[in-house]
Amino acid sequence: MKKNINRRDFIKKSTIIATGISLEDKLHPSIIKYPIINNEHYYEREVFLAKAPDIPFAPRRAASWWTTIEDLLWSQKMIKDKVKRRAEDFAKANIDTAINFGFHARFDFSNYFGQMNEYFAFVKEELHKHNIKYLDHYSCNNVERPKNKEEFEKLHRRQRHHVLLFHDPIAAKHAQYEGHRFQDICEVDLFNGERGYALQYQFEAFCHNNPGFLDMHRKYLERLIKEVDFDGYQIDDMCDYVGLRACGCKFCKERFKKDYGQEIPPASDKSFWGDMSKPMLYWGDYESPIFRNWIKMKDDVVADHVAMVKQIVGSKPLFTCCSSTGPIVLNSISLNLERIADIVDFYMLENVGISIHSVNWTKMDVEALQQKDIAKKRGNSPAIALSYTIYRDGGYLGWSLARFWGVANWASTIKDRVYEEDPIDAIETAEMIHPCNNWEVKYSDLNHYDSEEFVEVRLAYNYYCRINGWRDSEGLEHWDKTKIWSKNFVENNIGYRIVRYKELEDANQLLLDKTPLLLDGVGCVSDAQFNAIQNYLSKGGIMWVSFPFGTHDEKGFKRKMPLSEQLLKKRYKNLLIIDSITKNKDSFSTLIKNGNLIPTIQQTAGEEGWKVRFRKYGNKPVIHFMNSKLKAIPHPTAKDIGQAPVLNNIESLIQNNLIEFEIDARKINFSDLKLYSPELDDKNREIIISRSNDKLKMKVDLNGIKVYALGQ
């Protein structure tokens, strides 16, 4: 047995790690065995297993607390007065959680940590007077370092919301904190040996695997806790925006050799690097087991860093950024919420941009429900949707989506990310969200954490397909198919939820739910998953599956025989073979036509466009209505960093808003609902409900409502 006697002693002493590995991995009370690729030998390292999440409070109405460069003038009276006024405004807006935004590339401000921490402590004190929690939010692993004049100008056009105060090239050579010179702890570019540079953000990145960086971050966090002690921490950029160009430092090379018994091939090796004429995000040949292991090791490095942070912050809730965790392309930047899901406590989805395109919200539904399932399976942890906006209609849209999805709302203006300069009519976060929050508290104060979703179909998304880069013969990935099924479900008011890889390994969990399980494009399947699926089917579980299925195992190795052949031989009664939604767009309608899927809620009159989601809050039934046909009215001058017009106002494209639904009363039953919406202010409307045998007929008047309403 090969022992780990010298690898990263710092991590071994300071890290608690979560089990982001498959259930088949051999576990001892304090040791996880990592298999080398040839599966012939192991080495061991001591770690602690994941514990229950820390949820001392559950945010429901969060908002960004913006800091600016003038706040470094602490402790001038004008700064104190501004803090007091804003804390009062947050209280008036019924905000329960304030999350710091600004001073983002945190180590760029190391010369000012003293007055920054005094400022943070004062903000916390003022917010606590109003029973508002205060969380920090910063990027831990980078410093802004534009390479030239063009990059300098680009940074100041696109990233002003970070609060830009970075060292010039001469001073940067000497910049340090706690004895760690920044240039010594950066990632190393594999191709030119320079410091790792994220072109999209103009920063140099610290290596998550560098003991010097980890020691520096630890000491900073310990100081932050001692001098401020935030109520929680959102530590951003727990990924690698330098991407596949890094990291070539000695620590990463040593770890790849130690953990996987392999070395990083040179750039000339196309069997590893793939087609490098493509953008970096699309490099790599997933047919190579060495490349797949390189991707996994980069994720491991980030996960160890997250675990170290959790050990330091202790019982305070921890979370990080995640705009998505579904597509293969995210492997390139190690943005992998599945891998760290058992370490963090809260889960945040960045969902709405500030441009006119943000009204096209249905495509985000699958990402929201995926992260909601991650949170649900982690002890019903808080799931938080972060919505960026400049104007009130955008804030209302984000608030409405959080209600529709059944998650907490994090409202945030982000005016300093408007291209080049702020519009003069931009508003503050508290002013933007004040009407929505106060209406909610007064008329519909629903606690989503205690709600129960109505589910008709379970849609499988298997993480093994993403991490191994699996694609079908047409080059489409599992996530492509998952997104299309989600879109069909949303458009047809089908209640669904996401089933992820760990649940697919547990037959008992699968059998708890009697709804059909849909698998499309699940190319990578572990033996544990297949055994659970067979057990589920043998006990009468319903499954709809498209082929290919199980062509590869959970490590990306091609099976001698696809598992689909074994499925067919068993002739399970409730197994239905369907066409992939990417090969036959009628796959969804065929399920309905053949009676396999009978929608519980069907619209029978009025113009289509209002989407419905049913949820129970205790014993109270609630129906959420969300408009999917929204028209974005652009701001006349303001544009986002991609030069798309900023969303100013929203209008509805639906003309006939007198809609009727027929509902299967055997599945959903209620007798008395009224229609509420912030757009109706303090008024409500009767929802006309009649019953005929096992059918409920529901007539709803949504005239005058553009975005969101609910029946309660």
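This text goes with the structure placed above it.
Residues numbered from 1 in each chain as written. Predicted model: local features only at pLDDT ≥ 70, side-chain atom pairs only at ≥ 80, totals over all residues. Heavy atoms only, no water.

(A) A look at the layout of surface pockets. Here the second largest pocket is characterised by a volume of approximately 770 Å³. Glu-452, Glu-453, Phe-454, Val-455 and Arg-497 are, among the 34 residues lining the second largest pocket, the residues nearest its centre. Broken down by element, the lining of the second largest pocket gets its largest block of residues, six residues, from helix H11 (residues 365–377). Taken together, the residues of the lining of the second largest pocket sort by class into 14 nonpolar, eight polar and 12 charged. (1 Å grid on protein atoms, 1.4 Å probe; cavity = no way out; pocket = protein on both sides within 12 Å on 5 of 7 lines; lining within 4 Å. Points joined across faces, edges and corners; volume = space filled by probe spheres on them. Helix = DSSP H or I, 4+ residues; strand = E, 2+ residues; numbered from the N terminus. Nonpolar A, V, L, I, M, F, W, Y, C, P; charged D, E, K, R; others polar.)

(B) Just the pairing of strand S25 (residues 620–627), in detail. For S25, the tally of buried residues reaches seven of eight residues, placing the bulk of the element in the interior. Sheet topology places strand S24 (residues 610–617) next to S25; eight bridges connect them, and they run antiparallel. Considered in S25, the bridge of Lys-611 is made with Met-626. Here S24 folds back onto S25 in antiparallel fashion, the turn holding two residues, of which Gly-618 has a positive phi close to 65°. Note: S25 against strand S33 (residues 708–711), four bridges, orientation antiparallel. Each residue of the ladder has a partner; that of Ile-623, found in S33, is Gly-711. (Buried < 20%, exposed > 50% of the residue type's maximum accessible area, 1.4 Å probe, protein only. Pairing = 2+ DSSP bridges.)

(C) Representation of the sheet that holds S25. Reading across from one edge, S17-S24-S25-S33-S29-S30 is the order of the six strands in this open sheet, with antiparallel pairing throughout. The open sheet has two edge strands, strand S17 (451–453) and strand S30 (685–686), and neither has a second partner.

(D) Looking closely at helix H2 (residues 77–92). An ideal rise of 1.5 Å per residue puts 22 Å on 16 residues; H2 measures up with 23 Å between its terminal C-alpha atoms. The set of residues buried in H2 consists of Ile-79, Lys-82, Val-83, Arg-86, Ala-87 and Phe-90. When H2 is viewed along its axis, its buried side chains cluster within an angular range of 130° and face the same direction. Of the exposed residues in H2, the ones pointing more than 90 degrees away from its buried face are Lys-77 and Lys-92. Packed against the buried residues of H2 are strand S4 (61–66), strand S5 (97–101), helix H3 (113–128) and helix H13 (429–443). Asn-94 sits one or two residues past H2 and shows a positive phi near 55°. (Expected span 1.5 Å × (residues − 1). Arc of directions from axis to C-beta. Contact = heavy atoms within 4.5 Å.)

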